[in-house]
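Residue-level listing of the chains:
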Amino acid sequence: MTAMTTIGLSHYLILSAALFAIGLIGLTTRRNIIVLFMCVELMLNSANLTILAYARQFGDSDFHAAALFVMVIAASEAALGLAMVVAMFRYRGTVDSDKLTILKG
Amino acid sequence: MMINAAVFYLFAFLSVIAAVFTISFASPVKSAISMIFCLFCLAVIYFTLGAHFVGIIQILVYAGAIMVLFLFVIMLLEKRDCESSESAITPAKSISIVIAATLFTAMAAAFLASAGHLEFPAAPDSYGSIKVLAGSIFHRYIFAFEALSVLVLAAIIGVTLLASKDTAGDKK
């Protein structure tokens, strides 16, 4: 068995880190609020992948419940966030985060 | 184990590619389609971890429900002109890319140093079975489950309030 044919905890953790970094790049470079929400979902998914990788490492199915709970929270967050985007679009007529400057001093 | 490794490498590669496409497409619709593909690949990776139920819920809830909601809102709001100047690489963008790449390198180095090439230990027979999972959701963590149901109810009420015309914030 070489190192390439056995996969372990570190492989999953590195994939998770890669997805988190990609989500972070998207979050800081994009300006469309809907795409920003998608990047947040991507980062939440990488956190979920970490939870499930450690669940496999410790052989404990309780972590799966935690992953499902994270999914429920992500769903609520997406629904509320998108409703806010719709309300904002109705009020300001744009989904560009650079043009939403009400809180700027 | 060989097949598991091959599936992992294939779908890990595909999910990273899809994630890069998600953040690089100028059109939000194309981003959302790539995101659906990325979430599907992640579900397959959950299967390789033995988390079959979580993977199926990932496909049903994430790739199905949440991303359809995203697509629906994108198509409701889409304005063609709002993404025209996004493709240019500005200094601020390159700084954020460098910071994220540094973060990834640091995390990967730390994971390799601590977990190394450790193989997973053998899982117990009942690992990931729906029976055990139901026991932890509906018995051991019943309070968290009920709290989440309250959270979802609050989200439903909030969304209804935000979406109704009278309370959209402009007129009181």
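Whatever comes next refers back to the structure up there.
What this report covers is the structure whose coordinates are included nearby. (Residues numbered from 1 in each chain as written. Chains lettered and ligands numbered in written order. Predicted model: local features only at pLDDT ≥ 70, side-chain atom pairs only at ≥ 80, totals over all residues. Heavy atoms only, no water.)

Helix and strand content of chain B: 6 helices and 0 strands. Looking at chain B as shown, the accessible area adds up to about 10100 Å², and 76% of this sits on carbon and sulfur atoms. (Helix = DSSP H or I, 4+ residues; strand = E, 2+ residues; numbered from the N terminus. Areas by Shrake-Rupley, 256 points an atom, 1.4 Å probe, with all protein chains shown as cover.)

What follows deals with the state of the cysteines. According to the stated counting rule, one finds 0 disulfides over all chains in the structure shown. Left unpaired, Cys39(A) is separated from the closest cysteine sulfur, that of Cys38(B), by 11 Å. Owing to a relative accessible area of 2%, Cys39(A) belongs among the buried residues under this scheme. Cysteine Cys38(B) shares no disulfide, and the gap to the nearest cysteine sulfur, in Cys41(B), comes to 6.6 Å. (Disulfide = S-S within 2.5 Å. Buried < 20%, exposed > 50% of the residue type's maximum accessible area, 1.4 Å probe, protein only.)

How big an interface is tends to be expressed through the accessible area that disappears when the partners come together. Chain B puts 89 residues into the contact, and the matching count from chain A is 74 residues. A combined buried area of about 7400 Å² lies between chain B and chain A, and 76% of that area is made up of carbon and sulfur atoms. The largest contributions to the chain B side of the interface with chain A come from Ile23(B), Phe70(B) and Phe120(B), which together make up 10% of the buried area. One salt bridge in this structure joins Asp62(A) and Arg140(B), with 2.3 Å as the shortest N-O distance. (Contact = heavy atoms within 4.5 Å. Buried area = accessible area lost by both parts, 1.4 Å probe. Salt bridge = Lys/Arg side-chain N within 4 Å of Asp/Glu carboxyl O.)

On to the layout of surface pockets, then. Here the largest pocket is characterised by a volume of approximately 310 Å³. In terms of lining residues, the largest pocket is bounded by 17 residues, among which Leu68(A), Phe69(A), Val72(A), Ile137(B) and Phe145(B) are the most central. At the level of secondary structure, the elements contributing two or more residues to the lining of the largest pocket comprise α3 (62–92) of chain A together with α3 (52–77), α5 (130–140) and α6 (142–163) of chain B. Its residues assigned to classes, the lining of the largest pocket shows 16 nonpolar, 1 polar and no charged. (1 Å grid on protein atoms, 1.4 Å probe; cavity = no way out; pocket = protein on both sides within 12 Å on 5 of 7 lines; lining within 4 Å. Points joined across faces, edges and corners; volume = space filled by probe spheres on them. Nonpolar A, V, L, I, M, F, W, Y, C, P; charged D, E, K, R; others polar.)

Coordinates in, geometry out; function isn't part of it.
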